[in-house]
Amino acid sequence: MQITFYGHASLGIKIADTTILVDPFISGNPKASNINIETLEADYILVTHAHQDHILDVEAIAKRTGAVIVSNFEVATHFDKIGLESHPMNHGGQWDFEFGNVKYVNAIHTSSFPDGSYGGQPGGFVIEGEHKNIYIAGDTALTMDMKLIPLFTKLDLAILPIGDNFTMGIDEAILASDFVECDKVLGYHFDTFGYIEIDHEAAKRKFFDKNKDLMLLEIGESIEL
């Protein structure tokens, strides 16, 4: 499994021959100006919730690639109505795709489309691939629901928001890694704008002091699991 950071909460995931994008907010992010969405491939686009900083490039990429949009019922229906293929899910549900099993799990946040219309309830995704399992938390506060995840999945990586203010911050993310029983963490949802800027070295040090590994990738950088 290869994971690429496209800035903010945008990810690319490669599992065997399948390419997945998560929450593509790229063209509107000046920090991701080195990424051209016209060159990104996608078989699936996973969307955690309806906020603009998570859906901005979904339509353009899905129209060009034919990607299937996987999200909560309301978000999936929104894109279905404009002629894009979607797969609706809801909290606690799971589905076996050709690349692995996807479970839609709870997140504590809000979810509305840019026009203010209802975007369903926000969530995260647990992906069980053939060899590796990951948790993509989405935008969320620390929640006791995270303790449910290791009851059904042993994680190889937790992808957690760390920017604070709109989501949990560093200290809560450390607790979240305890809750999901995964000490290997990829941080995201940080530095995009002033409210969520972080001190990288201080954040890594806090994780290190708890015998955990926090990875902060440059935009466009990838890791292999």
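Conventions and cut-offs
- Residues numbered from 1 in each chain as written.
- Predicted model: local features only at pLDDT ≥ 70, side-chain atom pairs only at ≥ 80, totals over all residues.
- Heavy atoms only, no water.
- UniProt positions renumbered as here; feature names shortened; annotations may be inferred.
- Helix = DSSP H or I, 4+ residues; strand = E, 2+ residues; numbered from the N terminus.
- Buried < 20%, exposed > 50% of the residue type's maximum accessible area, 1.4 Å probe, protein only.
- Polar contact = N/O pair within 3.5 Å; in protein donor to acceptor, adjacent residues only side chain to side chain.
- Contact = heavy atoms within 4.5 Å.
- 1 Å grid on protein atoms, 1.4 Å probe; cavity = no way out; pocket = protein on both sides within 12 Å on 5 of 7 lines; lining within 4 Å.
- Points joined across faces, edges and corners; volume = space filled by probe spheres on them.
- Nonpolar A, V, L, I, M, F, W, Y, C, P; charged D, E, K, R; others polar.
- Pairing = 2+ DSSP bridges.
- Axes fitted to C-alpha atoms, helices over the stretch in contact; angles between N-to-C directions.
- Patch = residues over 30% accessible without salt bridge, like charges linked within 9 Å, V, L, I, M, F, W, Y side chains within 5 Å.
- Areas by Shrake-Rupley, 256 points an atom, 1.4 Å probe, with all protein chains shown as cover.
- Salt bridge = Lys/Arg side-chain N within 4 Å of Asp/Glu carboxyl O.

- The name an unreviewed UniProt entry assigns to the protein chain is UPF0173 metal-dependent hydrolase MUY34_09015, from the organism Psychroserpens algicola.
- Checking UniProt for the protein chain, the heading Sequence similarities (unreviewed entry) contains the comment "Belongs to the UPF0173 family."

## Details of unusual backbone geometry
Phi is mostly negative for residues that are not glycine, and the peptide bonds are mostly trans.
1) Next: A positive phi angle, close to 60°, is found at Glu-181, a residue other than glycine.
2) Next: Residue placement: Glu-181 occurs in the loop between α5 (170-179) and β12 (184-188).
3) Next: The class for Glu-181 is exposed, based on a relative accessible area of 58%.
4) Next: We note that Asn-211 has phi near 60°; this positive angle belongs to a residue other than glycine.
5) Next: Tracing the chain through its elements places Asn-211 in the loop between α6 (200-209) and β13 (213-215).
6) Next: Note on Asn-211: relative accessible area 69%, which makes it exposed.

## Focus: α6
1) Next: Put simply, Asp-199 is the residue that caps the front of α6, since its side-chain oxygen is 3.2 Å from the backbone nitrogen of Glu-201.
2) Next: Phi for Asn-211, located one or two positions after α6, is positive at around 60°.

## Examining the side chain of His-8
1) Next: Its location among the elements puts His-8 in the loop between β1 (2-5) and β2 (11-15).
2) Next: Aside from chain neighbours lying at most four places away, what touches His-8 is Phe-25, Asn-29, Asp-53, His-54, Tyr-188, His-189, Thr-192, Phe-193 and Ile-196.

## Describing the layout of surface pockets
1) Next: Reported here for the largest pocket is a volume of approximately 160 Å³.
2) Next: Considering the residues around the largest pocket, the lining is formed by 14 residues, among which Phe-5, Phe-190, Asp-191, Leu-217 and Ile-219 are closest to the centre.
3) Next: Here the lining of the largest pocket is built from residues that sort into five nonpolar, five polar and four charged.

## Examining the sheet that holds strand β11 (residues 157-161)
1) Next: Spatial ordering of the open sheet is given by β7-β8-β9-β10-β11-β12-β13, a layout of seven strands whose pairing is mixed. At either margin of the open sheet sits one strand with a lone partner, and together these are β7 (94-97) and β13. With direction set aside, neighbouring strand axes in the sheet form an average angle of 20°.
2) Next: Direction of pairing for β7 relative to strand β8 (residues 100-106): antiparallel, over a ladder of four bridges. Of the residues in β8, the one forming a bridge with Trp-95 is Val-102.

## Focus on a nonpolar patch on the surface
1) Next: A contiguous nonpolar patch, built from Leu-148, Leu-151 and Phe-152 and spanning about 320 Å² of accessible area, is present on the exposed surface.
2) Next: Checked against the element boundaries, Leu-151 lands in helix α4 (residues 149-152).
3) Next: Classification of Leu-151 as exposed rests on a relative accessible area of 69%.

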